[in-house]
Amino acid sequence: MTVLRFHVEGIVQGVGFRPFVYRTAAELGLDGWVANVNGHVEGEVAGGRRAIDEFAARLRTEAPALARVRRVQLTGGPPQHAYGRGFQVRRSAPGGADAAAREIPPDAAICATCLAELRNPRDRRHRYPFINCTDCGPRATIIEDLPYDRIRTTMRCFPLCADCAAEYADPADRRFHAEPVACPACGPRLAWEGLRGEEALRAGVKAVDGGGIIALKGLGGYQLVCDAGDPVAVAELRRRKHRPAKPFAVMVRDLGTAARVARIGAAEERALASPARPVVLLARRHRNGPDPLAREVHPGLTRVGLFLPTTGLHHLLLDELARPLVVTSGNLTDEPIAVDDAEARRVLADIADGFLVHDRPIRSRYDDSVVQFAGRTRITVRRARGLSPTPLPLAVDTPVAGAGAQLKHTFTLAADGRAHLGPHTGDLAELATHDAFLASYEHLKRLTGIEPTVLAHDLHPRYLSTQWARAQPLRRIPVQHHHAHVAACAAEHGVHGPFLGVAYDGLGLGDDGTLWGGEILVADLSGYRRVGRFATAPLPGGDAAVRHPSRTALGQLFGGETLGAPRPYPWLTRPFTERLDPAEFATVRAMVAKGVNCPRASSAGRLFDTVAALLGLCDRAGYEGEAAVLLEAAAGAEHAVPLADRVVRAQGLWVYDPTPTITDLLERRLDGEPVARLAAAFHLTLAIVTAELVARAVAEGAPRTVCLGGGCFVNRRLLTEVKRRLHAQGLRVLVGGQVPVGDGGISYGQAAVAAARLAGER
């Protein structure tokens, strides 16, 4: 008889791995034991060598669907088990595992088997909102500590009834050691203003059916819910939430309903139905009849964010109401999603008409993830519930952390070849968001066991993430914003050598102290040099210009960098300037002329704002990036002739001068060319310019691998056209798929840069 110890690392806790090990060993006639130890699984197996080899192979290839096996080790040693009594699942032990072994499973949406039980009148969990098994249910949002056992989750306050305890202890049951297991007799209960269970659900359904707004306690935080087809209800939600224009996500009952609302490709369908259940941004279907979604759901846009139910409670609501629902974050605009019951009552009291809640505490805050596809290219817009904190590969040895940016904030903890990208927090300008970041950082640090010795941060001194990083008693590594963008893309794809980075976003502080945002960089993970950029233009009022695209346009028209091209003639700009408030126009023009509070920026994002304002699409932005979103929506599927462009050599860099582009756009608009065609022409022109900037850099010896980064590449039309043109040059083109392409990926890029610099010091 052979006796070997086995040690399995990866996401192997909370995913039914021990039951799987038990069943595998039993099928092969092996003795031994298995246990959760700290953040991994280990045990001992005894039997014939051929059976043990088959056992080890199955651990690698037949693991449960939610598991991610990274490493399986078998070693010899003295037996720790009295053999002859079969295989056992032992109690978990803290053990002495290092940070490498501690990986936290994300939440998983309700599986098909549990959904069938939920709808089966003969099942004892019929219509039980918190149904789950080893293949689904809450994980990251309820874990308080590792190893992952019920007593170290927020389920510890729900003792198992006899029936659930029998399932939990039965190796043949799919709820064997499913830590969140519960039923109506022993688990969490639904409540609504004094009502419980089914009565509470009926009250919530009645409120939504009557045009009301309810606060629903979801997996990773509270959500606000209303009828997506009721224009009055959706408009009222916008008013109460102070969210005038930003689109709402819509939850639909199933893929069939989703397909009637939007056009869905194979990759999008897989994402919608995946255990992560992200919001997927999709193109709306053209409809001849009534629209199931109110116009107020996504005003002025041709795309909508749809997602499928994540919990039994969501399914019950949709089964009863039989219509799509707006399901959006339970917060005030720009604040973190509420998780604490008392906090939710306070924050959402003036928004919700009632609260459909339960008594299972939420330990960690996880908003909904958001993804979209450009052809087969996946773009992660927000990495949160269902995706985070699943680790991503990263060449890192010394434990490091990335503090992130200011907007769309995330943080990253990295050690031993992997990075844990923390959940989306939001915009750090709000104190509540900053506090949420600190709490999430400390919790994930404790769970992963990663205690960073080096902290990477942005260059911008006013970012709260930078200020926090500078106050920590750790070695600090400053990382330029746009280098972090393209480094994130490179690191995700395992690019360790030199590459060419294209970073297009709103704003980031450059290493020369000016604001950047349209950058061509020759880089590796350790450093970079700037080889191209967009021409600069003033931002009248600084941050105020970001919220007022009309100001950005005035800065471009009257103060854009002079590179030899004549400014547009006044008569071309008159249709734009005459619709502005005369006093504001005069003030802004004077600010530009005198250079008062007008920082200059080489920003692709601000150029999108300029064009959106010139075309009358957006003078004042209700949310970050609205002007660019409206410009992309206006372009639709229009075919267009490109606008004029000009790339010149200036101060040792290749520089795109947008003055000819803007002049041509204004002339063609004055000649009656439709806004949609001009919006499409601008996207095409920017792709042509990008290809030219890259081609000139490559001609001077730049690498032929191109990494795209920055929030502008969330724009599907721009991304698709840029990739097509760069591929035509024979270049390898990469874009982040798992790491957010915008500022949500900055922290991962910072960690990658810090790790590379530390490696270079050895």
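Residues numbered from 1 in each chain as written. Predicted model: local features only at pLDDT ≥ 70, side-chain atom pairs only at ≥ 80, totals over all residues. Heavy atoms only, no water.

Chemist: I'm lost on the overall build of the protein in this one. Help?
Modeler: Within the protein one finds 23 helices and 32 strands. Whereas a compact globule of 762 residues would reach a radius of gyration of roughly 27 Å, the protein reaches 27 Å, a difference of no more than 12%. Projected onto the principal axes, the alpha-carbon positions of the protein cover approximately 90 × 65 × 45 Å. Counting over 762 residues, the protein shows a buried share of 63%. Relative to all contacts within the protein whose residues are 6 or more apart in sequence, the contacts with residues 24 or more apart total 72%. Counting every atom, the protein has about 27800 Å² of accessible surface; 51% of that belongs to carbon and sulfur. (Helix = DSSP H or I, 4+ residues; strand = E, 2+ residues; numbered from the N terminus. Rg over C-alpha atoms; globule rule 2.2 N^0.38 Å. Buried < 20%, exposed > 50% of the residue type's maximum accessible area, 1.4 Å probe, protein only. Contact = heavy atoms within 4.5 Å. Areas by Shrake-Rupley, 256 points an atom, 1.4 Å probe, with all protein chains shown as cover.)

Chemist: Would you mind showing me how to read helix H18 (residues 604-614) here?
Modeler: Along an α-helix, residues three or four positions apart point the same way, because every turn accommodates 3.6 residues. The buried count for H18 comes to 11 of 11 residues, which makes it a mostly enclosed element. For H18, the full list of buried residues reads Ala 604, Gly 605, Arg 606, Leu 607, Phe 608, Asp 609, Thr 610, Val 611, Ala 612, Ala 613 and Leu 614. Two to three positions downstream of the cap, the backbone nitrogen of Gly 605 sits 3.2 Å from a side-chain oxygen, assigning the N-cap of H18 to Ser 603. Phi turns positive one or two residues past the end of H18, at Gly 616, with a value near 75 degrees. (Polar contact = N/O pair within 3.5 Å; in protein donor to acceptor, adjacent residues only side chain to side chain.)

Chemist: Would you mind going over the packing of H18 against helix H19 (residues 626-635) with me for this structure?
Modeler: Helices that pack against each other are described as a pair by the angle of their axes relative to one another and the distance between those axes. Orientation of H18 relative to H19, taken along the N-to-C sense of each, is 60 degrees, at an axis distance of 8 Å. By the angle between their axes, H18 is oblique relative to H19. Of the two elements, H18 crosses H19, and the hand of that crossing is left-handed. Between H18 and H19, the residues in contact are Phe 608, Asp 609, Val 611 and Ala 612 and Ala 627, Ala 628 and Leu 631, respectively. In terms of residue class, the contact of H18 with H19 is built from 6 nonpolar, no polar and 1 charged. (Axes fitted to C-alpha atoms, helices over the stretch in contact; angles between N-to-C directions. Parallel < 35°, antiparallel > 145°, perpendicular 65-115°, else oblique. Left-handed = near helix turned anticlockwise from the far one by under 90°. Nonpolar A, V, L, I, M, F, W, Y, C, P; charged D, E, K, R; others polar.)

Chemist: Just checking my understanding: could you explain empty space enclosed by the protein for this structure?
Modeler: One water molecule sets the probe size; rolling that probe over the atoms shows where empty space is left. If you walk through the whole model with that rule in mind, you get 9 cavities of 30 Å³ or more. Here the largest cavity is characterised by a volume of approximately 150 Å³. Around the largest cavity, the lining is made up of 18 residues, and of these Pro 129, Leu 219, Thr 311, Gly 312 and Arg 360 lie nearest the centre. Here the lining of the largest cavity gets 3 residues from one element, more than from any other, and that element is helix H9 (residues 312-321). When the residues that make up the lining of the largest cavity are grouped by side-chain class, the tally is 8 nonpolar, 8 polar and 2 charged. (1 Å grid on protein atoms, 1.4 Å probe; cavity = no way out; pocket = protein on both sides within 12 Å on 5 of 7 lines; lining within 4 Å. Points joined across faces, edges and corners; volume = space filled by probe spheres on them.)

Chemist: What's the story with the sheet that holds strand E21 (residues 418-421) in this structure? I'm lost.
Modeler: Strands belonging to one sheet form pairs held by backbone hydrogen bonds; the direction of such a pair is parallel or antiparallel. Spatially, 6 strands are ordered E18-E21-E20-E19-E22-E23 in an open sheet, and the strand pairing comes out mixed. Of all strands in the sheet, those bounded by a partner on one side alone are strand E18 (392-393) and strand E23 (475-479). Bridging between E18 and E21 involves 2 bridges; their strand directions are antiparallel. From the neighbouring strand, Pro 393 faces E21, where its bridge partner is Arg 418. (Pairing = 2+ DSSP bridges.)

Chemist: Would you explain helix H16 (residues 570-577) in this entry?
Modeler: Looking at H16, one finds that the buried residues are Leu 572, Thr 573, Phe 576 and Thr 577. For H16, the arc enclosing every buried residue in end-on projection is 130 degrees, short of the 170-degree limit, so these residues lie on one face. For H16, the secondary structure elements touched by its buried residues are helix H15 (549-559), helix H17 (582-594), H18 and helix H20 (659-670). (Arc of directions from axis to C-beta.)

Chemist: What is the right way to look at the state of the cysteines in this model?
Modeler: A covalent bond bridging the sulfur atoms of two cysteines is what the word disulfide describes. In the structure shown here, the tally under the stated rule is 0 disulfides. Cys 114 carries a free sulfur, and the closest cysteine sulfur to it, the one in Cys 136, is 3.7 Å from it. The exposure class assigned to Cys 114 is buried, which follows from its relative accessible area of 0%. Cys 186 takes part in no disulfide bond, and the closest cysteine sulfur, belonging to Cys 164, lies 3.7 Å away. (Disulfide = S-S within 2.5 Å.)

Chemist: I keep staring at the environment of Leu 444 and nothing clicks. Help me out?
Modeler: Mapped onto the elements of the fold, Leu 444 is located in helix H11 (residues 431-448). Residues Leu 444 and Pro 278 lie 166 residues apart in sequence; the distance between their C-alpha atoms is 21 Å. With residues up to four places along the chain from it excluded, the contact list for Leu 444 reads Ile 104, Pro 389, Phe 411, Leu 413, His 420 and Gly 422.

Chemist: Sorry, what's going on with the pattern of salt bridges here?
Modeler: Where charged atoms of side chains with opposite charge meet at close range, the side chains can pair. Taken as a whole and assessed by the stated rule, the structure comprises 54 salt bridges. One salt-bridge network, in which partners are shared between bridges, spans Glu 9, Arg 70, Arg 71, Glu 103 and Arg 418. (Salt bridge = Lys/Arg side-chain N within 4 Å of Asp/Glu carboxyl O.)

Chemist: Honestly, the layout of surface pockets in this entry has me stumped. Any pointers?
Modeler: By volume, the second largest pocket is sized at about 470 Å³. In this structure, the second largest pocket is lined by 23 residues; those nearest its centre are Arg 68, Ala 276, Gly 386, Leu 387 and Thr 390. Considered class by class, the residues forming the lining of the second largest pocket number 14 nonpolar, 4 polar and 5 charged.

Chemist: Is there a simple way to explain the environment of Leu 428 in this structure?
Modeler: Looking at the element boundaries, Leu 428 is found in the loop between E21 and H11. The exposure class of Leu 428 is buried, given its relative accessible area of 0%. In the structure, Leu 428 is positioned 92 residues away from Pro 336 in sequence and 9.5 Å away in space, judged by C-alpha atoms.

Chemist: Mind showing me how you'd approach the sheet that holds strand E3 (residues 40-47) here?
Modeler: Taken together, the 5 strands give an open sheet; going across it, the order is E4-E1-E3-E2-E5, and neighbouring strands pair in mixed fashion. Of all the strands in the sheet, the pair left with one neighbour each is strand E4 (68-75) and strand E5 (87-89). Mean inter-strand twist for the sheet, computed between neighbouring axes without regard to direction, equals 15 degrees. Both strand E2 (residues 31-37) and E5 contribute to a ladder of 3 bridges, which runs parallel. Across the sheet, residue Trp 33 finds its bridge partner in E5, namely Gln 88. Sitting on the sheet, helix H2 (residues 49-61) is in contact with strand E1 (2-11), E3 and E4, with an inclination near 0 degrees to E1.

Chemist: How should the packing of H18 against H20 be read in this particular structure?
Modeler: Contact geometry of H18 with H20 gives a least axis separation of 11 Å together with a crossing angle of 15 degrees. Our classification of the angle between H18 and H20 gives roughly parallel. Note that H18 runs across H20; the crossing there is right-handed. Residues Leu 607, Thr 610, Val 611 and Leu 614 of H18 lie in contact with H20, whose contacting residues are Ile 662, Leu 665 and Leu 666. Among the residues forming the contact of H18 with H20, the class breakdown is 6 nonpolar, 1 polar and no charged.

Chemist: Would you take a moment to explain the pairing of strand E22 (residues 454-458) for this structure?
Modeler: Consecutive side chains of a regular strand alternate in pointing toward one face of the sheet and then the other. In terms of burial, E22 is largely enclosed, as 5 of its 5 residues are buried. Where strand E19 (residues 400-402) and E22 come together, 3 bridges link them in parallel fashion. If you follow Ala 401 over to E22, its bridge partner there is Leu 455. In this sheet, E23 lies alongside E22 in parallel orientation, the contact comprising 5 bridges. Pairing of Asp 458 across the sheet is with Val 479, part of E23. For the crossover from E22 across helix H12 (residues 464-470) to E23, the handedness is right-handed. (Right-handed = clockwise from strand over helix to strand, strands pointing away.)

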